[in-house]
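Descriptive analysis of the structure
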Amino acid sequence: MAAATVQPQRASLFRHGGCWLLLRCLVGAALSLARVYYYEHGVKQPRNPWHDGPEYITQCPIAPGTNFTYEVQFTTEEGTLWWHAHSDWTRVTVHGAIVILPPERTDGGPYPFTKPDAEEVIVLVFNLRAQLFTHGSAYTTYKVMVEQGKTYLLRIVNAILDVDLFLSVAGHNLTPVGSDASYVKPITSSYIVLSPGQTIDVLLSADRPLGCYYIVGRQYSSNSLSIVDYNHSNVTAILEYRGDYTPSASPPEFPSSTLPIYKGNFAALSFRERIRSLVTGDHPSNVPREVSMRMFVLVSMGVLICPNSSCVGVYGNRMASSMTNFSRMNPTTDILQAYYRQTYRIFILNIDHNFTADDLPLNVSVPTKGRMVKVLNFNESVEIVFQGTNIPDAAETHQMHLHGHSFYVVGSGVGDFDEVNDPKGYNLVDPPYLNTVTVPKSGWAAIRFAANNPGVWFLHCHFEKHLTWGMETVLIVKDGGSASTSILPPPAYMPPCDGEASSLNLVSMV
Ligand SMILES: [Cu+2]
């Protein structure tokens, strides 16, 4: 039985662009059962992967009773990001918003849009009654109080583990002005959609009669109903006008006509198609026009074969997910230390990628377990096309998130990527600049970025179950040949690892 709430901010860290933040993580008794890692989602951390956080990628666990201080440097980010634990599924409750204001001003400006009268941070979570860890207002309906005639900036974070979410406010339009801490062209929409890991900043004008209006989130379910049913509950909060009036005895107005249906594929695609970078003199687009490294990356569900069909997944096997037919497994030490100390070897395995054939090759539905990496030269101009599959009848969206970089989403579509014709439709003018891209169900998404941040950076699906099942890899960006283009030395203390592999064996993914 599920109950759902819209969660107000748990913790917000307000800083200005170009500044540093020290985030001290003390692992005490409350978290003694879990060894944790923290991660500042979307913060680029230039040359400093030591303070990025994901488990066995850039560090080993912070043991109970110990602490580790993260240095967080904000550079180009402006808007809303968030931080969360990055170990197993602990981020379900260990998270909070980060608000990065424009530089040099302390009054919240200058924004490249009409200055709002007030701001509100909303972190979206689903609370299951079966879960022990809930927030303070878990079972109460959250209220956003507004005054008639004023404009509000809602900073919305999707912190849900595995659910894309539609959100609509009864009687009110929403105007996105930023996403993933990058400004976007203002558009007027009656709803938004955002995937786990994504943030959207929207303006809302309180221009309706005094009263109460529901803010409603609803799962956008891209699964096949034959595989997974969707969550039928709605996530609700109330937009309440202040003023001298007698509230109606009736329930608040519900956004019945504007909130998309659960299976609203078209609504999700059409909203995302409208999101474009702002592109002004102060906020230019630097999308790479030429590409020096092109990667085609299959993102797929699959199974690991269990002896005698002894597992509870499909046909008695164990569920898995993969990138380019490899399902990632964690090492016993972290890849960053192995890279920095040069105690690793990279192997190349050739795996057939012909997943579009009618007679599917076994290695697509049964991925190979491996520790994948892709090594990139400094400042390489990279294009990655993520291609979703429908194996085994498990097509759904994937939310591919890259650490250490934001990227331009230059194109996306449904069906198989056409390498001849689809690039002709790329948006190289004002593509959105994000850190998490949603790959449409049974479709593809293309991103471009300059690999200008030396280090070891996690690339993974932000659906937590897919990450756990192996839809993850690592990009290693090599040093650029000078001190200012090289990875920083490690801090004096890094949490120790259980095992120190003399040589870590890795697999090149493409
Ligand atoms: Cu996924």
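Let us look at the structure shown here. Treat the numbers as computed from the prediction; the structure is a model and nothing was measured.

Concerning the overall build of the chain
Scanning the chain for helices and strands turns up four helices and 32 strands. Looking at the chain as a whole, 48% of its 510 residues are labelled buried. Considering only contacts within the chain whose residues lie at least 6 apart along the sequence, 81% involve residues at least 24 apart.

A short note on the environment of Thr90
Mapped onto the secondary structure, Thr90 falls in the loop between strand 6 (79-85) and strand 7 (95-101). C-alpha of Thr90 to C-alpha of Leu161: the two residues are 71 residues apart in sequence and 9.7 Å apart in space.

Overview of unusual backbone geometry
Phi at Asn308 takes a positive value of approximately 55°, unusual for a residue other than glycine. Within the fold, Asn308 resides in the loop between strand 18 (293-304) and strand 19 (318-323). Backbone geometry at Thr324 places phi at a positive 45°, although glycine is not the residue there. Secondary-structure assignment places Thr324 in the loop between strand 19 and strand 20 (326-328). Judged by the 25 C-beta atoms lying within 10 Å of it, Thr324 is buried.

What about the sheet that holds strand 32 (residues 504-508)?
Spatially, the seven strands line up as an open sheet ordered 21-32-23-31-30-25-28, and their pairing is mixed. One side of each edge strand has no neighbouring strand; the edge strands of this open sheet are strand 21 (344-348) and strand 28 (436-439). When strand polarity is set aside, the average angle formed by the axes of neighbouring strands in this sheet is 30°.

Describing the nonpolar core
By size, the foremost hydrophobic cluster in this structure holds 61 residues, and its most contacted members are Leu124, Ile156, Leu165, Ile192 and Val202. Judged by nonpolar contacts, the second largest core, of 57 residues, contains Val287, Val385, Phe417 and Trp444.

What about the pairing of strand 29 (residues 443-451)?
Counting buried positions along strand 29 gives eight out of nine residues, so the element sits mostly inside the fold. With eight bridges joining them, strand 24 (residues 380-388) and strand 29 adopt antiparallel strand pairing. Opposite Ile384, over in strand 29, you have Ile447 as the bridge partner. Alignment of strand 26 (residues 407-414) against strand 29, held across six bridges, turns out to be antiparallel. Across the sheet, residue Gly411 finds its bridge partner in strand 29, namely Ala446.

Considerations on the sheet that holds strand 14 (residues 192-194)
Note on sheets: strands pair through backbone hydrogen bonds, and any given pair is parallel or antiparallel. With mixed pairing, the five strands of this open sheet are ordered in space as 9-17-16-11-14. Every interior strand has two partners, whereas the edge strands, strand 9 (142-146) and strand 14, have only one. Taken pair by pair, the neighbouring strands of this sheet meet at an average axis angle of 25°, ignoring direction. Both strand 11 (residues 164-169) and strand 16 (residues 212-220) contribute to a ladder of six bridges, which runs antiparallel.

Points about helix 1 (residues 265-274)
Looking at helix 1, one finds that the buried residues are Ala268, Phe271 and Arg272. Seen from one end, helix 1 has its buried residues packed into an arc of 95°, which puts them on one side. Exposed and facing more than 90 degrees away from the buried side of helix 1 are Phe266 and Glu273. The elements touched by buried residues of helix 1 are strand 11, strand 14, strand 16 and strand 28.

Quick notes on the rules
Residues numbered from 1 in each chain as written. Predicted model: local features only at pLDDT ≥ 70, side-chain atom pairs only at ≥ 80, totals over all residues. Helix = DSSP H or I, 4+ residues; strand = E, 2+ residues; numbered from the N terminus. Buried ≥ 20, exposed ≤ 12 C-beta atoms within 10 Å, placed from the backbone. Contact = placed C-beta atoms within 7 Å. Pairing = 2+ DSSP bridges. Axes fitted to C-alpha atoms, helices over the stretch in contact; angles between N-to-C directions. Core = buried A, V, L, I, M, F, W, Y, C linked by C-beta atoms within 7 Å. Arc of directions from axis to C-beta.

Interpretation in functional terms is not warranted from these geometric data alone.
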